[in-house]
Amino acid sequence: MAQTINHNDVVTMIRGAVNIIKDNHEMLSKLDSATGDGDHGTTMLRTMQAVENTLNENPDEALKELLYKIGWAIMSSDGGSTGPLLGSFFMGLSEGLPEATELNGAGLTDTISAGIDKMHKQSRAQIGDKTMMDALLPAQTAMKAAAADIDINVLLDQAAQAAEEGAKATENMTAKFGRARNLGDRVLGHKDPGSVSISLIFRGFHESLEQN
Amino acid sequence: MKMKKFINDPMNLTPELLEGFEIACGDKMAIQSEKLVVRATPKDESKVALVTLGGAGHEPALSGFVGEGLLDVSVVGDIFAAPGPPKVLEALRMMNREAGILFIVLNHAGDVMSANMAMEMAEKEGIKVKMILTHEDIAPGIDTPIEDRRGLVGCVPLYKIAGAAAEAGKSLDEIYEISERFNNNMATLAVAMNSATHPSTGDCLFELPDDEMEIGMGQHGEAGTGPTKILNADDTAKVMADRLAAAIDAKEGDRLMVILNGAGATTLMELFIVLRGVKKFLDTKGIEIVTSRVGEFLTVQEMAGFQMFFAKMDNELLDLWNAPGDSPYMTVR
């Protein structure tokens, strides 16, 4: 049970996301070979290494600055469109983080929601376009619908579930963005790897906090 | 099939290839700040600078065209992946000058996203920069919106033409106008015969049965207009040239630049035979090939196939194309 979390817990959540991507990068690349050029897992691995290095190199940094630094490091990691997208997400987290050192459910929702909004501005994709947004936007909706004083483990579990369902739904979509759009109907039956990465990141947020 | 390539650690491909590139071509280019390929002798600050960006794995593109009379900086990403906005911003800052910067971007999702973010940041800092987006792929059809048309080998002649205009001391607005004129009158169509492996993952980019080819295949194995039975050189040339001529509305008396860009595993022998077929076809229409190049400019690893490029030329474009230039993989004297 956790009604509030502090800044260290947010770092724990981010480390949880790093670890779950590290454990699944080969699966992500396999998914990508069906709809893209097969390197999404490698890109995500490189992205998460940038996150981890930033965390390790800045142990005493205030969370707001740390999140911004993570965003910039991700963008510097040369990840095609993944870099600017996930980089924007972390920069948005930095902008949305409330002043208070303790976050309740509403505060965490505001923070994550700001990250999603910032990334959405870069992506311009909507639900149904077979991109990362298919996992992110349902997660955002789920978080916003929750009560302000919800238990944070429950909140993150609900967000992860919404993201997972969103990623699953991409199986039935044709792509409107990126390399997969050239494949037309040939991508039907395959999940969008970016949306799966997002659902893993939310699951990583949830599990790391629960185990903490 | 297992990947057969002369590589070391697959995570280290880009820095290692750049190191070798500098050993081979250090008289013309240099590497700065790890991922910026710059001219060995910088251009005079009074002249407009040319900057481009793109993933590695397409050698000699894009960095092979950094040099006198061509590009000033190529921002290199990782294999098939765009460089991030911070690196692009660094290049724009490095080239910041009163004359301005022409920023040439190929239409691929990652490149465009990175370029847009870097442009936004650069403009906030007061850097004078104009962007040109190449989008000459006609595989999805010529009526398809620009966002859905990829930038292929057409960036290379555009670097040469814009670079010559910059070297001649023209203003950013003039260079932009010339470049857009060329950009809006060019078209590329690709064809693939055999797949390639992604050098980071070792996986096949796509699969094609032994007796099939695919017209419209992109630079990373993105699908084209669907596989067809293999045609011979003359028929392939005719089918592709017909679509390209229609795309740029080439008519009797028009003068064209024709480039055949080998994808990596198609021989010069084949490309010459195809070019002959292109000429035969254009002759029947009264369209002249006023200049042509055959070779490997922008490759896709060991993919078999090529990109066929047409552009309508006028005297000014031709003069700029033929002006002196000296880069590792394109030299005009």
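Quantities reported herein were computed from a predicted structural model and do not represent experimental measurements.

Enquirer: Just to check I follow, could you spell out the overall build of chain A for this structure?
Expert: Counting its regular elements, chain A contains 8 helices and 2 strands. Each helix and strand of chain A, ordered N terminal to C terminal, gives the series β-α-α-α-α-β-α-α-α-α. The C-alpha radius of gyration computed for chain A amounts to 16 Å, which stays within 12% of the reference 17 Å derived for 212 residues, consistent with globular compactness. Along the three orthogonal principal directions, the C-alpha set of chain A runs to about 50 × 35 × 30 Å. Counting over 212 residues, chain A shows a buried share of 59%.

Enquirer: Sorry if this is basic, but what is going on with helix α8 (residues 193-211) of chain A here?
Expert: Note that an α-helix has 3.6 residues per turn; residues three or four places apart therefore point the same way. End to end, α8(A) covers 26 Å across 19 residues, agreeing with the expected 27 Å (1.5 Å per residue, within 8%). Judged by how many residues are buried, α8(A) sits mostly within the fold: 16 of 19 residues are covered.

Enquirer: It is not clear to me how the domain arrangement of chain B should be interpreted in this structure. Could you clarify?
Expert: Many descriptions give the size of an interface as the accessible area lost when the pieces come together. Residues and elements named next belong to chain B. By the assigned domains, chain B splits into domain 1 (10-184 + 322-332) and domain 2 (186-314). Between domain 1 and domain 2, the C-alpha centre-to-centre distance is 23 Å. With 22 residues of domain 1 in contact, the opposing surface of domain 2 contributes 27 residues. Elements with a contribution of two residues or more to the side of domain 1 that touches domain 2: α4 (155-167) and α5 (172-183).

Enquirer: Teacher, can you tell me more about the sheet that holds strand β3 (residues 49-56) of chain B here?
Expert: Consider a sheet: its strands pair through backbone hydrogen bonds, and that pairing is either parallel or antiparallel. All names here are of chain B. Spatially, β1-β2-β4-β3-β5-β6 is the arrangement adopted by the 6 strands of the open sheet, whose pairing is mixed. Of all strands in the sheet, those with a lone pairing partner are β1 (29-32) and β6 (129-134), marking the two edges. The mean inter-strand angle of the sheet, taken between neighbouring strand axes irrespective of direction, is 25°. Running at roughly 170° to strand β4 (residues 73-79), helix α2 (residues 85-94) makes contact with β2 (36-39), β3, β4, β5 (101-106) and β6 of the sheet. Where α5 meets the sheet, it contacts β5 and β6, and its direction lies at approximately 5° from that of β6.

Enquirer: Got a minute to help me understand the nonpolar core in this structure?
Expert: The nonpolar side chains of a soluble globular protein tend to be buried with one another. Residues and elements named next belong to chain B. In terms of nonpolar packing, the biggest core is built from 172 residues, with L102 and A162 touching the most fellow members. Taken domain by domain, this core gets at least three of its residues from each of domain 1 (10-184 + 322-332) and domain 2 (186-314). Discounting chain neighbours no more than four positions away, the residues touching A162 are L50, L102, I104, I175, I178 and S179.

Enquirer: What am I meant to see in the sheet that holds strand β8 (residues 212-215) of chain B here?
Expert: All names here are of chain B. Overall, mixed pairing links the 6 strands, which are arranged β9-β8-β7-β12-β10-β11 in an open sheet. Pairing within the sheet leaves two strands with one partner each, and these edge strands are β9 (227-229) and β11 (288-295). The mean inter-strand angle of the sheet, taken between neighbouring strand axes irrespective of direction, is 20°. Two elements, β8 and β9, share 3 bridges in a ladder whose sense is antiparallel. Looking across to β9, one finds that M213 is bridged to T228. Against the sheet, helix α7 (residues 268-285) contacts β10 (255-262), β11 and β12 (304-312), and its axis sits at roughly 165° relative to β11.

Rules used throughout
Residues numbered from 1 in each chain as written. Chains lettered and ligands numbered in written order. Predicted model: local features only at pLDDT ≥ 70, side-chain atom pairs only at ≥ 80, totals over all residues. Helix = DSSP H or I, 4+ residues; strand = E, 2+ residues; numbered from the N terminus. Rg over C-alpha atoms; globule rule 2.2 N^0.38 Å. Buried ≥ 20, exposed ≤ 12 C-beta atoms within 10 Å, placed from the backbone. Expected span 1.5 Å × (residues − 1). Domains from an automatic or database assignment. Contact = placed C-beta atoms within 7 Å. Pairing = 2+ DSSP bridges. Axes fitted to C-alpha atoms, helices over the stretch in contact; angles between N-to-C directions. Core = buried A, V, L, I, M, F, W, Y, C linked by C-beta atoms within 7 Å.

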